[in-house]
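# Residue-level structural notes
Chain by chain, the residues:
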Amino acid sequence: MNDHMTTHQAEEDARNEDIKIFVNGQVIPRADAKISVYDSGFMLGDGVWEGLRLYEGTWAFADEHLDRLFEAAKAIDLDIGMTRGEILEALEQVRAKNGMETDAHARLMVTRGVKVRPFQHPSLSRSGPTVVIIMEHSRPSLPRPIRLATVPHIRGLPMSQDAKLNSHSKLNCVLACIAAEKAGADEALMLDVHGFVNTTNACNFFIVRNGEVWTSTGDYCMNGITRRKVIELCRTNGIPVYERNYSLVDTYGADEAFLTGTFGAQTPVSEIDGRHIGDGKMGPITGRIRQLYKDLIAAEVA
Ligand SMILES: Cc1ncc(COP(=O)(O)O)c(C=O)c1O
């Protein structure tokens with residue numbers, strides 16, 4: 001498909017060629033920002049990360065992002081080696097050095113660090129974590145609603161690799177995305193272990209039916225901060241919202257569908273497995289929720 005796009009598409013911005021990147025306490029030019037080939041993040045995907053967005057000088061929902069980061073680090077027994085305050089200071093330092101005021105996206109990554117030998121055992125990482133912050137000028141630019149395809153890769157049970165971990169290792173999601181692209185779609189819609197519709201490879205997923213907003217129970221998917229905000233916004237604004245199991249039949253027959261994530265906020269979906277959703281354009285409830293979310297961000301940064 002020649003008009004391929006992704007949910008994380010941004011306007012080209014030449015300034016991103018010369019950004020400064022945080023690597024273990026130093027803020028250095030992009031060309032010099034490197035980590036060891038022995039890093040456990042590179043070798044094994046052994047790390048956790050957060051994606052944050054800057055609006056008018058404020059990192060939106062920073063507390064929630066730091067809560068999730070520290071919870072994930074605790075779960076994988078990784079000492080970040082920095083306090084919440086130090087992480088916020090690091091974000092501020094990189095922001096200032098890059099002269100960014102708004103429309104910036106940060107990928108904050110923490111790995112178990114450099115290994116003494118190229119093998120899996122975590123005890124081989126002995127020199128402390130690797131902390132990297134990549135911060136880019138970023139204005140989402142999606143020329144059209146997204147097309148999804150269901151794939152054979154599922155969201156599994158939490159005892160194998162809990163989907164609530166924002167882990168560096170995302171191979172399951174990457175494979176799902178590849179399968180969707182090969183099916184002619186942009187990204188993947190993933191089912192859970194029971195066959196209910198769960199999430200996409202990189203965002204949370206919602207449908208709208210008869211004025212009601214439905215999303216998965218929250219099991220098997222990322223505990224997305226945008227997902228939670230959308231649910232809360234629906235509740236406080238009289239839009240019926242349900243976290244429930246639903247199938248592909250419910251989904252193909254939906255009036256609207258949209259994705260949520262920090263990068264794109266709410267991204268409309270036009271097509272799933274070749275079935276048009278609604279009239280293929282952003283629906284009125286998706287539009288309303290997008291506006292409510294914009295207002296929420298405005299209040300957050302005021
Ligand atoms: C698999 C997956 N789902 C959903 C999300 C969206 O989460 P949030 O709304 O917190 O950005 C992310 C983002 O990290 C993700 O990796």
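See the structure above.
Note that the coordinates shown come from a computational prediction; the quantities given were computed from them, not determined experimentally. (Residues numbered from 1 in each chain as written. Predicted model: local features only at pLDDT ≥ 70, side-chain atom pairs only at ≥ 80, totals over all residues. Heavy atoms only, no water.)

Time to look at the nonpolar core. By size, the foremost hydrophobic cluster in this structure holds 35 residues, and its most contacted members are Phe 22, Trp 59, Leu 69, Ile 87, Leu 91, Ile 133 and Met 135. Within the residue set of this core, elements represented by two or more residues are β1 (20-23), β2 (26-29), β3 (47-55), α2 (62-75), α3 (84-97), β5 (104-111) and β6 (130-137). Counting 21 residues, the second largest nonpolar core, distinct from the first, contains Tyr 55, Ile 231, Phe 258 and Val 301. (Core = buried A, V, L, I, M, F, W, Y, C linked by side-chain atoms within 4.5 Å. Buried < 20%, exposed > 50% of the residue type's maximum accessible area, 1.4 Å probe, protein only. Helix = DSSP H or I, 4+ residues; strand = E, 2+ residues; numbered from the N terminus.)

As a matter of local geometry, the ligand sits amid 15 residues, with Arg 68, Asn 166, Ile 225, Thr 226 and Thr 262 nearest to it. The separation between an oxygen atom of the ligand and a polar side-chain atom of Arg 68 is 2.8 Å. Measuring from an oxygen atom of the ligand, one finds a backbone N or O atom of Ile 225 at 2.8 Å. Alone, the ligand offers 390 Å² of accessible surface; in the complex the protein occludes 95% of this. Class assignment for the residues of the shell around the ligand results in five nonpolar, seven polar and three charged. (Near = heavy atom within 4 Å. Polar contact = N/O pair within 3.5 Å; in protein donor to acceptor, adjacent residues only side chain to side chain. Areas by Shrake-Rupley, 256 points an atom, 1.4 Å probe, with all protein chains shown as cover. Nonpolar A, V, L, I, M, F, W, Y, C, P; charged D, E, K, R; others polar.)

Attention now moves to the packing of aromatic side chains. Counted under the stated rule, the structure contains three aromatic pairs. Each ring, one from Phe 206 and one from Phe 258, has its centre 4.9 Å from the other, and the planes form 5°; the classification is stacked. Of this pair, Phe 206 sits in strand β10 (residues 204-209) while Phe 258 is found in strand β13 (residues 256-261), placing the two residues 52 residues apart along the sequence. Take Phe 258: its relative accessible area is 0%, and that puts it in the buried class. The ring of Trp 49 carries Arg 107 above its face, with NZ or CZ at 3.6 Å from the centroid. The ring centre of Tyr 252 lies 4.1 Å from the NZ or CZ of Arg 275, which sits over that ring. (Phe/Tyr/Trp six-rings, centres within 6.5 Å; stacked < 30°, edge-to-face > 60°. Lys NZ or Arg CZ within 6 Å of the ring centre and 35° of its normal.)

With that settled, the discussion passes to the environment of Ala 62. Tracing the backbone shows Ala 62 in helix α2. Sequence spacing of Ala 62 and Arg 84 is 22 residues, and the spatial spacing of their C-alpha atoms is 9.9 Å. Beyond its immediate stretch of four places on either side in the chain, Ala 62 contacts Leu 52, Leu 88 and Glu 300. (Contact = heavy atoms within 4.5 Å.)

With that settled, consider the state of the cysteines. By definition, a disulfide links the sulfur atoms of two cysteine residues through a covalent bond. Going through the model one piece at a time under the given rule, you end up with zero disulfides. No disulfide involves Cys 203; its sulfur sits 10 Å from the nearest other cysteine sulfur, which is in Cys 177. Considering cysteine sulfurs only, Cys 221 is the nearest to Cys 234, which forms no disulfide, with 15 Å between them. A residue is classified by how much of its surface remains accessible, and Cys 234, at 1% relative accessible area, is buried. (Disulfide = S-S within 2.5 Å.)

Moving on, we get to the pairing of strand β9 (residues 197-200). When strand β8 (residues 187-191) meets β9, the two strands line up antiparallel, connected through three bridges. Looking at β9, one finds that Met 190 is bridged to Thr 199. Hairpin connection of β8 to β9: five residues between the antiparallel strands, including Gly 195 at a positive phi of 90°. (Pairing = 2+ DSSP bridges.)

Together, Glu 12, Glu 17, Asp 18 and Glu 136 line one region of the surface with negative charge. Its location among the elements puts Glu 136 in strand β6. The exposure class of Glu 136 is partly exposed, given its relative accessible area of 33%. (Patch = residues over 30% accessible without salt bridge, like charges linked within 9 Å, V, L, I, M, F, W, Y side chains within 5 Å. Salt bridge = Lys/Arg side-chain N within 4 Å of Asp/Glu carboxyl O. Lys, Arg positive; Asp, Glu negative; His and termini not counted. Charge placed at Lys NZ, Arg CZ, Asp CG, Glu CD.)

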